[in-house]
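Listed below are the residues making up each chain.
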Amino acid sequence: MAIQRTLSIIKPDAVAKNVIGQIIARFEGAGLKVVAGRLVHLSAAEAGQFYAVHKERPFFKDLVEFMISGPVFVQVLEGEDAIAKNRDLMGATDPKKAEPGTIRADFAESIDANAVHGSDAPETAAVEIAFFFPGMNVYSR
């Protein structure tokens, strides 16, 4: 397995619940290292740009509104097979379908307010990391 980096976002619903530390502890407990992180409040333009891949989908406007409703914690996770590991830890997008013990099963409110985002492929991860951490100003251990 290769060492990878992936973008993880702790979304406004989870930030509002004050569970950032609990979520990060799950990543760290699974062997992922936080190599960059910051709390940001996205503008509508930033959220729209980040989620532009969904622009033609019916949920795009609601997604942007949700993502600007409060601060988010963006982070870069690093570790063996980090992308798949992160996605396994997150659980299904719909928390009602997420396996018990996953982040979404434990912290998400709905399919829309689903606590976390994670990159789905190495190419996506590279683009998403560069969006929030331009110039790859990311710590490496």
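Each chain has its residues counted from 1, following the order in which its sequence is written. Where totals are concerned, whole chains, interfaces and linings use all residues; where local detail is concerned, this predicted model gives features only for residues with pLDDT of at least 70, and gives and counts side-chain atom pairs only at 80 or more. For the side-chain quantities, the full set of heavy atoms in the structure was used; hydrogens and water were omitted.

A. A look at helix 7 (residues 122-132). To sort residues, take the accessible area from a 1.4 Å probe on protein chains only and compare it with the maximum for the residue type: under 20% means buried, over 50% means exposed, and anything in between is partly exposed. Strands here are runs of E lasting at least two residues and helices are runs of H or I lasting at least four, both read from the DSSP assignment and numbered beginning at the N terminus. Listed as buried for helix 7 are Ala125, Glu128, Ile129 and Phe132. Taken down its axis, helix 7 places every buried residue within 100° of arc, on the same side. Facing away from the buried side of helix 7 by over 90 degrees, the exposed positions are Glu123 and Val127. Any two residues whose heavy atoms approach within 4.5 Å are treated as being in contact. Here the buried face of helix 7 lies against strand 1 (3-10), strand 2 (33-40), helix 3 (44-50), strand 3 (72-80), helix 5 (82-90) and strand 4 (116-118). Directions from the helix axis toward the C-beta atoms define the arc.

B. Region of interest: the packing of aromatic side chains. Two aromatic rings from Phe, Tyr or Trp, using only the six-membered ring of Trp, form a pair when their centres are within 6.5 Å; if the ring planes differ by under 30 degrees the pair is stacked, by over 60 it is edge-to-face, and anything between is tilted. With the rule as written, the count across this model stands at four aromatic pairs. Centroid distance Phe50 to Tyr51: 4.9 Å. Interplanar angle 90°. Geometry classified as edge-to-face. Judged by relative accessible area, Tyr51 falls into the buried class, the value being 5%. Look at Phe50 and you get buried, because its relative accessible area is 11%.

C. Structural view of the sheet that holds strand 1. Here a strand pair is declared whenever DSSP counts at least two bridges between the two strands. Strand order in this open sheet of four strands is 2-3-1-4, and the pairing throughout is antiparallel. On the outer flanks of this sheet lie strand 2 and strand 4, each paired with one strand and no other. Neighbour-to-neighbour, the strand axes of the sheet open up by a mean angle of 20°, direction not taken into account. For strand 1 and strand 4, the ladder comprises three bridges, and the chain directions are antiparallel. Considered in strand 4, the bridge of Ser8 is made with Gly118. Fitted lines through C-alpha atoms serve as axes, helices being fitted only where they are in contact, and the angles separating the N-to-C directions of these axes extend from 0 to 180 degrees. Each of strand 1, strand 2, strand 3 and strand 4 touches helix 2 (residues 20-29); the most contacted strand, strand 3, lies at about 10° to it. The strands that helix 7 touches are strand 1, strand 2, strand 3 and strand 4; relative to strand 1, the one it contacts most, it runs at about 55°.

D. Quick peek at the UniProt feature "binding site: ATP" (unreviewed entry) in the protein chain. UniProt's entry tags Lys11, Phe59, Arg87, Thr93, Arg104 and Asn114 with the feature "binding site: ATP" (unreviewed entry), counted in the numbering of this structure. Lining residues of the largest pocket drawn from the annotated list: Lys11, Phe59, Arg87, Thr93, Arg104 and Asn114. A residue is classified by how much of its surface remains accessible, and Thr93, at 41% relative accessible area, is partly exposed. Looking at the element boundaries, Arg104 is found in helix 6 (residues 103-107). UniProt positions are given in the numbering used here, feature names are shortened, and annotations may be inferred rather than shown by experiment. Grid points spaced at 1 Å over the protein atoms alone were grouped into cavities, where a 1.4 Å probe fits but cannot get out, and pockets, open sets with protein on both sides within 12 Å along at least five of seven lines, with lining residues defined by an atom within 4 Å of a point.

E. Highlighting the UniProt feature "active site" (unreviewed entry) in the protein chain. This chain's UniProt record puts "active site" (unreviewed entry) on His117. Among all residues touching His117, those that are not within four sequence positions of it are Leu7, Ser8, Ile9, Lys11, Phe50, Tyr51, Met90, Arg104 and Glu128.

F. Seen up close, the nonpolar core. If you look at the biggest cluster of nonpolar residues, it comprises 21 residues, and the most contacted ones within it are Ile9, Met67, Phe132 and Phe133. When residues of this core are traced back to their parent elements, those giving at least two are strand 1, strand 2, helix 3, helix 4 (60-67), strand 3 and helix 7. Broken down by element, the residue count for this core peaks at five residues, all from helix 4. Core analysis: the next-biggest nonpolar cluster, separate from the first, contains 18 residues, Ala14, Ile20, Ile23 and Ala108 among them. Nonpolar cores are built from buried Ala, Val, Leu, Ile, Met, Phe, Trp, Tyr and Cys residues. Side-chain atoms within 4.5 Å join them into one set.

G. Expanded view of the side chain of Glu78. With respect to the secondary-structure elements, Glu78 resides in strand 3. Engagement of the side chain of Glu78 in a polar contact is seen with the side chain of Arg5, the distance being 2.7 Å. What qualifies as a polar contact is a pair of N or O atoms within 3.5 Å, subject to a donor-acceptor requirement within protein and to the restriction that residues adjacent in sequence count only when both atoms come from side chains.

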